[in-house]
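Here are the chains, one letter per residue:
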Amino acid sequence: MARPILQIIVASTRPGRVGLPVAEWFRDRAVAQDVFDVEIVDLAEVDLPFMNEPHHPRLRQYVHQHTKEWSATVERADAFVLVTPEYNHSFNAVLKNALDYLHSEWQFKPVGFVSYGGVSAGTRAVQMLKQVVSGLKMLPVVEAVTIPFVREFLDEEGRVRPNDVMNQAADAMLAEIARIAPALQNLRAPAAP
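Residues numbered from 1 in each chain as written. Predicted model: local features only at pLDDT ≥ 70, side-chain atom pairs only at ≥ 80, totals over all residues. Heavy atoms only, no water.

**Considering unusual backbone geometry**
One non-glycine residue with positive phi stands out, namely Asp 47, at about 55 degrees. We note that Lys 137 has phi near 65 degrees; this positive angle belongs to a residue other than glycine. With respect to the secondary-structure elements, Lys 137 resides in the loop between α5 (123–135) and β5 (139–140). (Helix = DSSP H or I, 4+ residues; strand = E, 2+ residues; numbered from the N terminus.)

**With respect to the side chain of Asp 78**
Along the chain, Asp 78 turns up in the loop between α3 (65–75) and β3 (79–84). Among the polar contacts listed, one links the side chain of Asp 78 to the backbone nitrogen of Ile 5, at a separation of 2.8 Å. (Polar contact = N/O pair within 3.5 Å; in protein donor to acceptor, adjacent residues only side chain to side chain.)

**What to know about the packing of helix α1 (residues 19–33) against helix α6 (residues 164–188)**
Close contact between α1 and α6 brings their axes to 10 Å; oriented N to C, the two are set at 55 degrees. In terms of orientation, α1 and α6 fall into the oblique class. Relative to α6, the crossing made by α1 is right-handed. Across the interface between the two elements, Trp 25, Phe 26, Arg 29, Ala 30 and Gln 33 of α1 pack against Met 166, Asn 167, Ala 170, Asp 171, Met 173 and Leu 174 of α6. When the residues that make up the contact of α1 with α6 are grouped by side-chain class, the tally is 7 nonpolar, 2 polar and 2 charged. (Axes fitted to C-alpha atoms, helices over the stretch in contact; angles between N-to-C directions. Parallel < 35°, antiparallel > 145°, perpendicular 65-115°, else oblique. Left-handed = near helix turned anticlockwise from the far one by under 90°. Contact = heavy atoms within 4.5 Å. Nonpolar A, V, L, I, M, F, W, Y, C, P; charged D, E, K, R; others polar.)

**Let's talk about the packing of aromatic side chains**
For the structure on display, the rule yields 3 aromatic pairs. Taken together, a centroid distance of 6.0 Å and an interplanar angle of 75 degrees make the contact between Trp 25 and Phe 26 edge-to-face. Pairwise contacts between aromatic rings join Trp 70, Phe 80 and Trp 106 into one cluster. (Phe/Tyr/Trp six-rings, centres within 6.5 Å; stacked < 30°, edge-to-face > 60°.)

**Re the pairing of strand β2 (residues 37–42)**
In terms of strand pairing, strand β1 (residues 5–10) meets β2 through 6 bridges, oriented parallel. When the sheet's bridge partners are listed, Val 10 is paired in β2 with Asp 42. Regarding topology, α1 serves as the crossover connection from β1 to the parallel β2, and that connection is right-handed. (Pairing = 2+ DSSP bridges. Right-handed = clockwise from strand over helix to strand, strands pointing away.)

**A few points about α6**
Taking 1.5 Å of rise per residue, the 25 residues of α6 would be expected to cover 36 Å, and the 36 Å separating its terminal C-alpha atoms lies within 8% of that figure. At Ala 181, α6 shows its largest kink, close to 35 degrees, and the proline Pro 182 lies no more than four residues downstream. Turning to α6, its buried residues are Met 166, Asn 167, Ala 169, Ala 170, Met 173, Leu 174, Glu 176, Ile 177, Ile 180, Ala 181 and Leu 184. Of the surrounding secondary structure, the elements contacted by the buried residues of α6 are β1, α1, β3, β4 (110–116), β5 and β6 (145–147). (Expected span 1.5 Å × (residues − 1). Bend = angle between axes of the 7 residues up to and from the residue. Buried < 20%, exposed > 50% of the residue type's maximum accessible area, 1.4 Å probe, protein only.)

Following this line, the structure appears as structure tokens:
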């Protein structure tokens with residue numbers, strides 16, 4: 001396998017969000033590992049409307065250009081990290097919508113989670129997400145990054161200043177994704193004639 005492409009998907013689209021600085025910190029950590037080609041995919045920039053495709057995603061008969069572009073983005077990835085806040089004990093609608101748009105593009109790819117929030121650090125959102133990504137045949141890794149009281153880790157410019165626990169958790173998750181991604185690629189390969 002060539003260097004796997006790791007996409008870090010920023011789930012929050014809310015003005016004043018913390019998700020983008022968290023994703024940027026995690027991207028820098030992933031790049032330093034020198035194992036992945038790393039991309040940030042910001043759902044605020046992707047800007048998908050609520051699901052408006054007439055056909056089930058498993059058919060891949062997309063009629064809208066935004067869906068075709070989203071499909072191509074997700075298809076090229078070998079692994080994902082979802083950077084998610086917690087909304088009302090779950091994850092946000094924008095992320096659910098982005099996941100629901102596609103089907104086979106997600107399959108047989110590892111997925112890690114960087115969650116953040118208040119006292120619960122987004123862990124309840126991750127528990128809900130694990131059910132959804134498993135239904136898409138993604139493989140959630142056990143290792144995770146959870147950031148409680150996330151605003152305490154922001155500097156004056158709004159950048160994340162991680163502690164040792166955050167950095168160690170990020171490194172452990174990245175190592176596990178790097179270990180699993182090549183094995184899952186074989187499941188995505190087209191069957192021999």
